[in-house]
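Single-letter residue listing:
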Amino acid sequence: EMMEKQGGQAWLIIDSKLRRQAAWQCLFGGLWAFQSMPALALMYKVAIKGKSITDLAKKLRMDAAVLQLQFDHANAAARGEIEDPLGKSQDMRHEFKGGSLFAIDISISQKMFPLAVLSLGGLKVNEDNGAVIDGAGYDIPGLYAAGRTAIGVASSRYVSGLSLADCVFSGRRAGKAAALEGGEPPAAQAVCPQASAVESVSS
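### Observations regarding the overall build of the chain
Tallying secondary structure elements over the chain gives six helices and five strands in all. Of the regular secondary structure in the chain, the N- to C-terminal order runs α-β-α-α-β-α-α-β-β-β-α. Residue pairs at least 24 apart in sequence account for 59% of intrachain contacts in the chain once pairs closer than 6 positions are excluded. By element, 58% of the accessible surface of the chain is carried by carbon and sulfur atoms, the whole surface being about 13700 Å².

If you want it as structure tokens, here you go:
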């Protein structure tokens, strides 16, 4: 939503209640320091405070009427009157009931806390050979994907290096299929069969 429709720009707006809850989670919720410390700094040092929706809109140079409409929709969704516009589950919705608001810049360019992004899932592939499939479900000739560009979703937390097994498995699968498609490679290129063109598209 943010990257494809908003040019990489977004604001996270919370109220005092959410800020207290988030601060407690940062301090006592088992988060790592590299997660909790920047979050606390953003909420208490960087966030732009507004006394009301209109006041906050003015400080953010936003259209107050548009911002008010966003709050109206969020509140209606929190009360169960409508579905959340962005698909939030019921337990992730929050009704704003007045008071101070805090706007946190979570844009891709935010220097205080770079947006944590990594490829999960990626391109749809034929699980038999690693070939990328089109919208109709057919293999795209000569196009293969491996690593985090194709498979692998961390079930709990992502740890550096967790993608290595995905890369090895899917890379060998795609490399073998590509070799078979292109015919037997010259002997000089068969010295290191693990090194294949798919390395360039693996994450």
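### A few points about the environment of Ile-106
Among the secondary structure elements, Ile-106 is positioned in the loop between strand E3 (101–105) and strand E4 (131–133). By relative accessible area, Ile-106 is classed as partly exposed at 32%. Separated by 104 residues in sequence, Ile-106 and Met-2 place their C-alpha atoms 9.8 Å apart.

### Points about helix H3 (residues 33–46)
Ser-36, Pro-38, Leu-40, Leu-42 and Met-43 are the residues of H3 that are buried. On its buried face, H3 is in contact with strand E1 (11–15), helix H2 (16–28) and E3.

### Brief notes about helix H6 (residues 164–182)
For H6, spanning 19 residues, the distance from its first C-alpha to its last is 26 Å, which sits close to the expected 27 Å at 1.5 Å a residue. In this structure, the buried side of H6 is in contact with strand E5 (139–144).

### As for the packing of H2 against H3
To describe two helices that pack against each other, one gives the angle between their axes and the distance between the axes. H3 packs onto H2 with a crossing angle of 155 degrees between their chain directions and a minimal axis gap of 9 Å. Overall, the two elements H2 and H3 adopt an arrangement that is roughly antiparallel. As for how H2 packs across H3, the hand of that crossing is left-handed. Note on element contacts: H3 touches H2 through Ser-36, Ala-39, Leu-40, Met-43 and Tyr-44, opposite Arg-19, Ala-22, Ala-23, Cys-26 and Leu-27. Grouping the constituent residues of the contact of H2 with H3 by class yields eight nonpolar, one polar and one charged.

### Some details on unusual backbone geometry
If you check the backbone angles, Arg-61 has positive phi at about 60 degrees while not being a glycine. By secondary structure assignment, the location of Arg-61 is in the loop between helix H4 (53–60) and helix H5 (64–78). Relative accessible area serves as the criterion here: at 81%, Arg-61 is assigned to the exposed category.

### A word on the pairing of E3
Counting buried positions over the five residues of E3 gives four, a clear majority of the element. Two elements, E1 and E3, share five bridges in a ladder whose sense is antiparallel. Considered in E3, the bridge of Leu-12 is made with Ile-104. Sheet topology note: the strand E2 (residues 48–50)/E3 ladder contains three bridges and is antiparallel. Among the inter-strand pairings, Gly-50 is bridged to a residue of E3, identified as Leu-101.

How each quantity is defined
Residues numbered from 1 in each chain as written. Predicted model: local features only at pLDDT ≥ 70, side-chain atom pairs only at ≥ 80, totals over all residues. Heavy atoms only, no water. Helix = DSSP H or I, 4+ residues; strand = E, 2+ residues; numbered from the N terminus. Contact = heavy atoms within 4.5 Å. Areas by Shrake-Rupley, 256 points an atom, 1.4 Å probe, with all protein chains shown as cover. Buried < 20%, exposed > 50% of the residue type's maximum accessible area, 1.4 Å probe, protein only. Expected span 1.5 Å × (residues − 1). Axes fitted to C-alpha atoms, helices over the stretch in contact; angles between N-to-C directions. Parallel < 35°, antiparallel > 145°, perpendicular 65-115°, else oblique. Left-handed = near helix turned anticlockwise from the far one by under 90°. Nonpolar A, V, L, I, M, F, W, Y, C, P; charged D, E, K, R; others polar. Pairing = 2+ DSSP bridges.

Just geometry here; none of it tells us what the structure is for.
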